[in-house]
Amino acid sequence: MTAPLRIRPALPADSHALVAILHDTFESTWRPQVTPAALAAYQQGNRPAAYVAERGHLFHVAERAGAVVGLVDWQDDFVNALHVHSANARTGAARR
C-alpha cells in the first residue's frame, strides 16, 4: 500500500528536491521529444534551479512519507507546471 499524500506549500528547504523532480521529469518525459538544440540549451543552463529560484515560493508540493514527490505551480486558474517524480508516477500524486 502506498503511504498517504500530504499537500502543502513549498518551503525553501524543498529546493533541492524540486530541482531533482524537474530534472527527472525532463529526462523521463521531455528529453525524448526535444530537438538537439533544445537539449543543448537545457544542458548549458540550469533551468530547473532558475525556475525554482524564481517561482518555487509559489509552488505547492506533494509529500509522501516525508519526501517531496511532486509539485504544482499554479496562478489564478492556470497551471504553469505539474510534475511528479517518475518513481511516484501513477500513484495518485497528481490527482490531489
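Located above this text is the structure these notes cover.
Notes on the structure follow. What you see is a predicted model, and the numbers here were worked out from it, not measured in a lab.

What counts, and where the lines are drawn
- Residues numbered from 1 in each chain as written.
- Predicted model: local features only at pLDDT ≥ 70, side-chain atom pairs only at ≥ 80, totals over all residues.
- Heavy atoms only, no water.
- Helix = DSSP H or I, 4+ residues; strand = E, 2+ residues; numbered from the N terminus.
- Buried < 20%, exposed > 50% of the residue type's maximum accessible area, 1.4 Å probe, protein only.
- Contact = heavy atoms within 4.5 Å.
- Patch = residues over 30% accessible without salt bridge, like charges linked within 9 Å, V, L, I, M, F, W, Y side chains within 5 Å.
- Areas by Shrake-Rupley, 256 points an atom, 1.4 Å probe, with all protein chains shown as cover.
- Salt bridge = Lys/Arg side-chain N within 4 Å of Asp/Glu carboxyl O.
- Pairing = 2+ DSSP bridges.
- Axes fitted to C-alpha atoms, helices over the stretch in contact; angles between N-to-C directions.

## Things to note about the overall build of the protein
Part 1 of the reasoning: Summing up its helical and strand segments, the protein has three helices and four strands in all.
Part 2 of the reasoning: Secondary structure elements of the protein occur, N-terminal to C-terminal, as β-α-α-α-β-β-β.
Part 3 of the reasoning: For the protein, buried positions account for 35% of its 96 residues.
Part 4 of the reasoning: Long-range pairs, those at least 24 residues apart, make up 58% of the contacts in the protein between residues at least 6 apart in sequence.

## Side note on a nonpolar patch on the surface
Part 1 of the reasoning: The grouping of Trp 74, Val 79 and Leu 82 at the surface amounts to a nonpolar patch, some 290 Å² of accessible area in total.
Part 2 of the reasoning: Examined against the element boundaries, Val 79 turns out to sit in strand E4 (residues 78-84).
Part 3 of the reasoning: Assessed through its relative accessible area of 47%, Val 79 is described here as partly exposed.

## Observations concerning the sheet that holds strand E3 (residues 67-75)
Part 1 of the reasoning: Spatially, E1-E2-E3-E4 is the arrangement adopted by the four strands of the open sheet, whose pairing is antiparallel. Edge positions in the sheet fall to strand E1 (5-9) and E4, since each of these pairs with one other strand and no more. Looking at each pair of strands side by side, their axes are set apart by 20 degrees on average, direction ignored.
Part 2 of the reasoning: Those strands touched by helix H1 (residues 15-30) are strand E2 (60-64), E3 and E4, and its axis lies near 85 degrees from that of E3.

## Here we look at the pairing of E2
Part 1 of the reasoning: For E2, the tally of buried residues reaches four of five residues, placing the bulk of the element in the interior.
Part 2 of the reasoning: Taken together, the five bridges between E2 and E3 define a ladder with antiparallel strand orientation. Pairing of His 60 across the sheet is with Val 72, part of E3.
Part 3 of the reasoning: The hairpin formed by E2 and E3 contains two residues between the paired strands, and Ala 65 there has a positive phi angle of roughly 55 degrees.

## Remarks on the pattern of salt bridges
Part 1 of the reasoning: Considering all chains together, one arrives at five salt bridges under this definition.
Part 2 of the reasoning: Residue Arg 6 is joined to Glu 63 by a salt bridge in which the shortest nitrogen-to-oxygen separation is 2.9 Å. Of this pair, Arg 6 sits in strand E1 while Glu 63 sits in strand E2, placing them 57 residues apart in sequence.
Part 3 of the reasoning: Residue Glu 27 pairs with Arg 31 through a salt bridge whose shortest N-O separation is 3.1 Å.
Part 4 of the reasoning: Residue classification places Glu 27 among the partly exposed residues on the basis of a relative accessible area of 41%.
Part 5 of the reasoning: In this structure, a network of salt bridges that share partners links the residues Arg 6, Arg 8, Asp 14 and Glu 63.

These figures come from the coordinates and say nothing about function on their own.
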